[in-house]
Amino acid sequence: MTQVAGRRRVPRGGSRVRWAVAGLAAAAAALALPQPAQAAAEPEAAGIVIVGVPGLKWSDIDRADTPHLWDLADEGASAAMSVRTLGSWTCPEAGWVSLGAGERAGGAAPRDAQCSAQSQLEAPAGTGDGWTVEGWDAFVEANSAFNYGARLGSLADALAEAALQQETAAAEAEADGEPAPEPNPGSCVAAIGDGAALAAADTEGRIAYWAPGLESLPDAMDACDVVIVDPGVVVGDTADRAPDTGTDYDQLGEDDTEVGTEETSGAEDAGEITPDTDPVRTAAARDADTAVGAVRDALPEDWRLIVAGVSDAAAPSSLHPVLYTGPGVEAGELTSSTTGRDGYIQLTDLTATALAVVGADIPATVAGAPVTVRPDPGHTAAGAVAKGTDETAAAAAVADVSPYFYWTLSFVGVAAMLTAAHYAAGRDRFRRTARTVCLAFSTVPVAGVAAGIPPWWRADHPKLAFWALIAAGMIVLTTAVSLPWTRTGVRPILLIAGTCAGLIAVDQISGATWPLHTPMGYTAQAGARFTGLGNYAFSVFAAAVILLVCFIPWRGRTRVWGPLAIGVCAVVIVGAPMLGRDMGGTLTLVAAGILCCLKLWGRRLSIGSVALAGGIAFTVFAVGGVLDYLRPEEDQTHLGRFVGSVLDGSAQLILIRKARAALGTIDESMAFISFAALLAAVLIWRTRAPVRTDPVAAAVVGLTTVAVIGGLVNDSGMAIPGFTAALGFGLLAAAVGPRPDTTAAPAPATVTKAPAAT
């Protein structure tokens, strides 16, 4: 058998210095790139009204049926909003409570598929000098079990704190004999409607102003600068048309953090841009539109208005529209630093926006960020509705196909892992076929990445279109590595790994548009990530980079600087704030790259080298996080916000939540391929002597480090080693080749030994 040849060892002198410099260079390169321009501060407004309409979707907005909503979409700024809170869908009670907390929160009533229990809201009770939410302690107790640290009533408390600061400033000025600024009596939150009471309550469940109907809206605006309105309408389907989902498939507070659950309902045709008319839904949308019209008529000229679908009406979840208008708000798209993507915001961003509009400080307990308007001279209602409907369909379609993709990949992957073990350590029979299977299976995640490029969700049969793209990608790549000039040696490995790494790098540099439309990325309705590099894509990207570093036939000095150059570029793509934004991936890739290169250069790995790799990785991670934290808050990524959570003491909740999410993946689909890869590795190890070439040993070290550290530091847990194995295990087996005592199908050609670096 011809194996990948070993390479001469790099001289020991200066090795650690090179790595220290390389690590710092990686951090500097990732953070010294131009930062996104800061958005201009929005003009002041006298106040803001937020009208929440549970269940409202983009497809409900129509020129004829909802003329007021249509006008708002035409004259203001808009976005698709994720209402994800605690679970795979958000019922009205949880949506209202989360709006008041500015953080993901849950309701007190049971969450059923039709949201019937959490749609039956009670009116607050009068206390003589105000109002209070009935059973507020039950809401607080329910949320104390979750690891999001939601502080219910943060919106009202922040405005009360602003009023107290004004009074203190006035008292101090008067004591100093200076003109005392007049405190703003409107630093409070008023509520119209039962649901709005949950959002307007403070941490004790008290409400400054409440009224049951819109006729009291003028009085509410006179009393408070922030008014939340629940028109009493839930825009939902009739019972016999709603998706057939009877249970909540997520454990609350421990649910999925990537694309969606493995039990996502597929009852609705997600690819249908214009759904069939449901008379009940249409009537509810008209009622909501009438209420919005009444609010617009009563709104003073110096007030702003937000209309938003603050929750789902039933399972499964969906994206919902946000319409924003008023003084200083130009027509265009909305975005926020929590999403980093134009046209997308989160429910908690509405809380921060309300505080920013009236000039109140945003407390650390509010996870959202004020929305920013991206003006668009060509903005129209028709365009906004069409785009929002399309984005909603894309997100739903990805969530619909994802479980089938993961389970198929995992179960087929189990067979592929055992096939790889047969190729590397078994007998001659079917050896050529086994090698082809290994290479073909490794193309599946690459095809999954490329599937996000065409708009497959717009097809008449989205699922069929998606699987056709996967099959086409596999056929093209498998054929490409089977040609006479590509099938020998390590060329198939380099071609597949290079295609994968290149696709992801191009996507990240060009704005990360593909991940939203493929199970290899993420979906906006999950609310975990909106841009950058998702955990699944990181896994295959890291595996591809490791394979390229190990099997490119480096010569001379390039054996040192070639892997360093690829490693630094990969770290920048993964960790830069304007690119991957993946803090766990940065830590993982730096450590894996260092250990991989040390082994590639012929070094014996020791506790000291492992400590060196961990130290440099943590240094890059820490320096990147601190520098990101020092940027303006609206420009920070989740890495900078994590540093902020460390400083304010809330990081423990984040770490616990991520750890519990990772542990919850042990029995999910990608765990099977992970265990199969481990079993196959043991079989190869026991059946044949270890392959002692530096490239193969380095690849084993690098891929193992990615799988282990990535699985520990990312909340996707077992999915990290699963996707790493999906791309890397079969390619590594093909590079290792069959046992020396067999004659097999084409084995990797000998790589010419390179002269030692000088």
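The following refers to the structure shown.

Thresholds, definitions, all that
Residues numbered from 1 in each chain as written. Predicted model: local features only at pLDDT ≥ 70, side-chain atom pairs only at ≥ 80, totals over all residues. Heavy atoms only, no water. Axes fitted to C-alpha atoms, helices over the stretch in contact; angles between N-to-C directions. Helix = DSSP H or I, 4+ residues; strand = E, 2+ residues; numbered from the N terminus. Parallel < 35°, antiparallel > 145°, perpendicular 65-115°, else oblique. Left-handed = near helix turned anticlockwise from the far one by under 90°. Contact = heavy atoms within 4.5 Å. Nonpolar A, V, L, I, M, F, W, Y, C, P; charged D, E, K, R; others polar. Buried < 20%, exposed > 50% of the residue type's maximum accessible area, 1.4 Å probe, protein only. Disulfide = S-S within 2.5 Å. Salt bridge = Lys/Arg side-chain N within 4 Å of Asp/Glu carboxyl O. Pairing = 2+ DSSP bridges. Core = buried A, V, L, I, M, F, W, Y, C linked by side-chain atoms within 4.5 Å. Phe/Tyr/Trp six-rings, centres within 6.5 Å; stacked < 30°, edge-to-face > 60°.

**Notes on the packing of helix α11 (residues 431-450) against helix α22 (residues 719-736)**
Working step 1: It is at 8 Å that the axes of α11 and α22 come closest, and there the two elements cross at 155°. In terms of their interaxial angle, α11 and α22 are classed as roughly antiparallel. The two elements α11 and α22 cross, and the hand of that crossing is left-handed. Residues Arg 435, Cys 438, Leu 439, Phe 441, Ser 442, Pro 445 and Val 446 of α11 form the contact with α22, whose participating residues are Ala 726, Leu 727, Gly 730, Leu 731 and Ala 734.
Working step 2: A class-by-class count of the residues in the contact of α11 with α22 yields nine nonpolar, two polar and one charged.

**A look at the environment of Ala 64**
Working step 1: Looking at where Ala 64 falls in the secondary structure, it is placed in the loop between β1 (47-52) and α2 (67-75).
Working step 2: Judged by its relative accessible area of 64%, Ala 64 falls in the exposed class.
Working step 3: Spatially, the C-alpha atoms of Ala 64 and Arg 286 are 9.6 Å apart, while their sequence positions differ by 222 residues.

**Some words on the state of the cysteines**
Working step 1: Per the stated rule, a full pass over the model turns up two disulfides.
Working step 2: Each sulfur in the disulfide pair Cys 91 and Cys 115 lies 2.0 Å from the other. An S-S torsion of about -75° defines the bridge between Cys 91 and Cys 115 as left-handed. Here the residue Cys 91 occupies a position in the loop between β2 (77-82) and α3 (92-101), and Cys 115 occupies one in the loop between α3 and β3 (125-126), the gap between them amounting to 24 residues.

**What about the pattern of salt bridges?**
Working step 1: By the definition in use, this model includes nine salt bridges.
Working step 2: Between Arg 296 and Glu 75 there is a salt bridge, with its nearest N and O atoms 2.9 Å apart. Of this pair, Arg 296 sits in helix α8 (residues 279-298) while Glu 75 sits in helix α2; the two residues are 221 residues apart in sequence, bridging distant segments of the chain.
Working step 3: The class for Arg 296 is partly exposed, based on a relative accessible area of 26%.
Working step 4: For Glu 75, a relative accessible area of 37% gives the class partly exposed.
Working step 5: Note that Asp 157 and Arg 151 form a salt bridge whose closest N and O atoms lie 3.3 Å from each other.

**A short note on the pairing of strand β10 (residues 319-325)**
Working step 1: In terms of burial, β10 is a largely internal element, seven of the seven residues being buried.
Working step 2: On β10, burial covers both faces: Leu 319, Pro 321, Leu 323 and Thr 325 on one face and His 320, Val 322 and Tyr 324 on the other are all buried.
Working step 3: For β2 and β10, the ladder comprises six bridges, and the chain directions are antiparallel. Each residue of the ladder has a partner; that of Ser 78, found in β10, is Leu 323.
Working step 4: Where strand β9 (residues 303-308) meets β10, four bridges bridge the pair, whose relative direction is antiparallel. When the sheet's bridge partners are listed, Leu 305 is paired in β10 with Thr 325.

**As for the side chain of Ser 216**
Working step 1: One can find Ser 216 in the loop between β7 (209-211) and α7 (217-223).
Working step 2: On the basis of relative accessible area, Ser 216 is assigned to the buried category, the value being 15%.
Working step 3: Once residues lying within four places of it in the same chain are set aside, the contact partners of Ser 216 are Ile 192, Tyr 209 and Ala 211.

**Description of the nonpolar core**
A general trend in soluble globular proteins is that nonpolar side chains are found buried together.
Working step 1: Counting 100 residues, the largest nonpolar core has Met 417, Phe 541, Phe 551, Phe 723 and Leu 727 as the members making the most contacts within it.
Working step 2: With 15 residues, helix α14 (residues 535-551) is the single largest residue contributor to this core.
Working step 3: Among all residues touching Phe 541, those that are not within four sequence positions of it are Ala 501, Ile 504, Ala 505, Leu 533, Ala 570, Ile 573 and Val 574.
Working step 4: If you look at the next biggest cluster of nonpolar residues, it comprises 53 residues, including Val 83, Ala 101, Leu 159 and Ala 201.

**Observations concerning the packing of aromatic side chains**
Working step 1: Within this structure, the stated rule accounts for 14 aromatic pairs.
Working step 2: Chaining the aromatic ring pairs together yields one cluster made of Phe 405, Tyr 406, Trp 456, Trp 457, Phe 466, Trp 467, Tyr 536 and Phe 723.

**What to know about the packing of α2 against helix α10 (residues 381-425)**
A packed helix pair is summarised by two numbers, namely the angle formed by the two axes and the spacing between the axes.
Working step 1: Closest axis-to-axis distance for the α2/α10 pair is 7 Å, and the angle between their directions is 100°. Between α2 and α10, the angle is such that the two are roughly perpendicular. Between α2, through Trp 70, Ala 73 and Asp 74, and α10, the contact on the second element is made entirely by Ala 381, Ala 382, Ala 384 and Val 385.
Working step 2: Considering only residue class, the contact of α2 with α10 consists of six nonpolar, no polar and one charged.

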